[in-house]
Amino acid sequence: IAYSQFVTGPQQTAFSTMNAGRSTSRGWELSWEYNPHEFNPTPGQLRDPQGMNAFVLVAGNKSRFENGNTSLVTPQDQGTTITAGVGYKFANNFNSSLSLYRGSGLASSALQGQRSAITEVNFRLSSPPAYFANKYGLELTVENLFDGKGRYNFNSAFAGTRFQQGRRFAVGLFGQF
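Keep in mind it's a predicted model, so treat the numbers as computed, not measured.

1. What to know about the overall build of the protein chain
Across its full length, the protein chain holds 0 helices and 12 strands. In the protein chain, the succession of α and β elements from N to C terminus is β-β-β-β-β-β-β-β-β-β-β-β. The buried share among the 177 residues of the protein chain stands at 27%. Across the protein chain, contacts joining residues at least 24 apart in sequence account for 53% of those joining residues at least 6 apart. Total accessible area on the protein chain stands at roughly 11,700 Å², and carbon and sulfur atoms take up 56% of it.

2. Observations concerning the packing of aromatic side chains
A complete count under the given rule lists 3 aromatic pairs for this structure. Ring geometry for Tyr88 and Phe90: centres 4.8 Å apart, planes at 65 degrees, overall edge-to-face. Judged by its relative accessible area of 36%, Phe90 falls in the partly exposed class. Aromatic side chains Phe132 and Tyr136 sit 6.2 Å apart centroid to centroid with 70 degrees between the ring planes, which places their arrangement in the edge-to-face category.

3. With respect to a nonpolar patch on the surface
A cluster of nonpolar side chains, namely Trp32, Tyr34, Met52, Val56, Ile82, Val86, Tyr88, Phe90 and Leu98, defines an oily patch on the protein surface of about 760 Å² accessible area. Of all the secondary structure elements, the ones that give two or more residues to the nonpolar patch are β3 (22–34), β4 (51–67) and β6 (79–89). Of all the elements, β6 adds the most residues to the nonpolar patch, at 3 residues. Tracing the backbone through its elements, the reader meets Phe90 in the loop between β6 and β7 (95–103).

4. Concerning the confidence of the model for the protein chain
Considering every residue of the protein chain, the mean pLDDT works out to 77; 69% of them sit at 70 or more. Within the protein chain, strand β1 (residues 2–5) has the poorest average pLDDT of any element, 42, and strand β9 (residues 136–143) the best, 94. Between residues 1–18, whose pLDDT stays under 50, and residues either more than four places distant or in other chains, the model counts 42 contacts.

Definitions and limits used
- Sequence order as written defines the numbering, with residues in each chain counted from 1.
- For a predicted model such as this one, the threshold for reporting local features is a pLDDT of at least 70, and the threshold for listing and counting side-chain atom pairs is 80 or more; totals across whole chains, interfaces and linings nevertheless cover every residue.
- Only heavy atoms go into the side-chain values, all of them from the structure, while hydrogens and water stay out.
- Numbered from the N terminus, helices here are DSSP runs of H or I no shorter than four residues, and strands are runs of E no shorter than two.
- Relative accessibility thresholds used throughout: buried, under 20% of the residue-type maximum; exposed, over 50%; partly exposed, between the two (1.4 Å probe, protein chains only).
- Whether two residues are in contact is decided by their heavy atoms: any pair within 4.5 Å suffices.
- Residue-level accessible areas treat just the shown protein chains as cover; the underlying method is Shrake-Rupley with a 1.4 Å probe.
- In this scheme Phe, Tyr and Trp rings, the latter by its six-membered ring, pair at centre separations within 6.5 Å, and the angle between planes marks the pair as stacked below 30 degrees, edge-to-face above 60, and tilted otherwise.
- Patch membership is restricted to residues that have no salt bridge and whose relative accessible area is over 30%. Joining uses 9 Å for like charges and 5 Å for the nonpolar side chains Val, Leu, Ile, Met, Phe, Trp and Tyr.
- One speaks of a salt bridge when a side-chain nitrogen belonging to Lys or Arg is within 4 Å of a carboxyl oxygen belonging to Asp or Glu.
- As a per-residue quantity, pLDDT reports the predictor's confidence and falls between 0 and 100.

This is the structure we're talking about:
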């Protein structure tokens, strides 16, 4: 199933469903995780160990419409993505983490044959549940730390034209019940 715009234009508008025939999607994924700390809880105290942890994920995908002798790339064909992150838990149980996402760009982001790659770095800082009778904590999240404005889609029949959202801040309160 694919989508087609009723009214063409640079932004998302109304879409209609159409039959695109047969399609295939083939992908692969490779991941690695670094977490050298064992979790050995003592009775009455379930705390994660402090220290660093990290991960890397690399994935590839090729999605195509198969139409007789013609093979067309689907608008949502991503190509290659890399996601990596590092976190650290301090002795006072504060958590800090940084993650990176890098995508080669959707096929529907192409202008003059060039896909628009997307890069996003996110940051998170979280307190332990040490406030209000040791049951509540605070966290700060900054998404798209470097304020990237990559192009997800351009005049796509599937998704119109979309750009990466700018930098976003969030402050949260969490609790134990």
